[in-house]
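Secondary and tertiary structure notes
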Amino acid sequence: IEASSLIRNGGFDLASGWTVSSGQISDGGNPGRCVRIVGLGGASQDVLVARRQMTLTAAVDVQTNGVQAQAGKPGYAFAAVYQTDETGRLVASHDFAQLTGTQAWQRYSHTFRVHPEADYVSLRCGLFQADGETRFDNWTLVAGSEARRLDEVAVIRAEAMLPPP
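Attention in this report is confined to the structure presented alongside it. (Residues numbered from 1 in each chain as written. Predicted model: local features only at pLDDT ≥ 70, side-chain atom pairs only at ≥ 80, totals over all residues. Heavy atoms only, no water.)

**Here's the deal with the overall build of the protein chain**
Counting its secondary structure elements, the protein chain contains one helix and 10 strands. Counting from the amino terminus, helix and strand elements in the protein chain follow one another as β-β-β-β-β-β-β-β-β-β-α. Computed over the C-alpha atoms, the radius of gyration of the protein chain is 15 Å, within 12% of the 15 Å expected from 2.2 N^0.38 for a compact globule of 165 residues. Projected onto its principal axes, the C-alpha positions of the protein chain cover 45 × 35 × 25 Å. Nonlocal contacts in the protein chain, meaning residues at least 24 apart in sequence, comprise 75% of its contacts between residues at least 6 apart. Surface exposure of the protein chain reaches about 7900 Å², of which carbon and sulfur atoms provide 47%. Of the side chains in the protein chain, 14 bear a positive and 17 a negative charge, and the two mean positions are spaced by 2 Å. (Helix = DSSP H or I, 4+ residues; strand = E, 2+ residues; numbered from the N terminus. Rg over C-alpha atoms; globule rule 2.2 N^0.38 Å. Contact = heavy atoms within 4.5 Å. Areas by Shrake-Rupley, 256 points an atom, 1.4 Å probe, with all protein chains shown as cover. Lys, Arg positive; Asp, Glu negative; His and termini not counted. Charge placed at Lys NZ, Arg CZ, Asp CG, Glu CD.)

**Some points on unusual backbone geometry**
Looking along the chain, the bond that leaves Asn30 and enters Pro31 is cis, with omega of 0°. Looking at the secondary structure, you find Pro31 in the loop between strand E2 (19–27) and strand E3 (33–48). The backbone of Ser22 shows a phi angle near 55°, a positive value even though the residue is not glycine. Among the structural elements, Ser22 can be located in strand E2.

**What to know about the side chain of Gln70**
Checked against the element boundaries, Gln70 lands in the loop between strand E4 (55–69) and strand E5 (76–84). Within the structure, Gln70 has its side chain in polar contact with the side chain of Asp131 (distance 3.5 Å). Discounting chain neighbours no more than four positions away, the residues touching Gln70 are Leu40, Gln129, Ala130 and Asp131. (Polar contact = N/O pair within 3.5 Å; in protein donor to acceptor, adjacent residues only side chain to side chain.)

Right, dumping it as C-alpha cells:
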C-alpha cells in the first residue's frame, strides 16, 4: 500500500467519522456497509487542510435506485467536494457526480487543487431536490492526481499526511 487516505471510515464499517442527515449506515455496500440515503439528506466529512495548496483526489462508489428530480426542480444524487475557510464560508465547490435513474455501483473521482483560502475540504454526498434511494461507499481522499480504491490505501490521521505549512 503506497497511498494514504485522509478520510476516516471511508468504507462506513464503523459508526464514526461522518455526519449523516436523513440517512443511515447500513448493509448493502460494495462490499460490506455503506451510507444509504432515501429522500432528501446526505452525509459529510470535513478534513483539515489548513490552507496547504496541494493536489488531492477524492473518489467514491455510488449506486442509485429510482432517483428522480422533484417536480419542477433539477434534483439528483450527488458526490461533491466543498472547500471552506475556518468560519465555514464556502470558497470552492464541485459536484463530481450528479445522477438520476437506477444504476449499479460505479466509481467516480475528482482531482482538485486546495484553494488558497481553504482550511477544510468537505466531502459530501446525498440526494438534492430528488426522491429515490442512493448508496455511497469506499470514499478515499489522497494526495496527488490518481484516484485510489479503499483497498489500495492506508488510513492515517489527516495531520500526519499534510506537508509542513
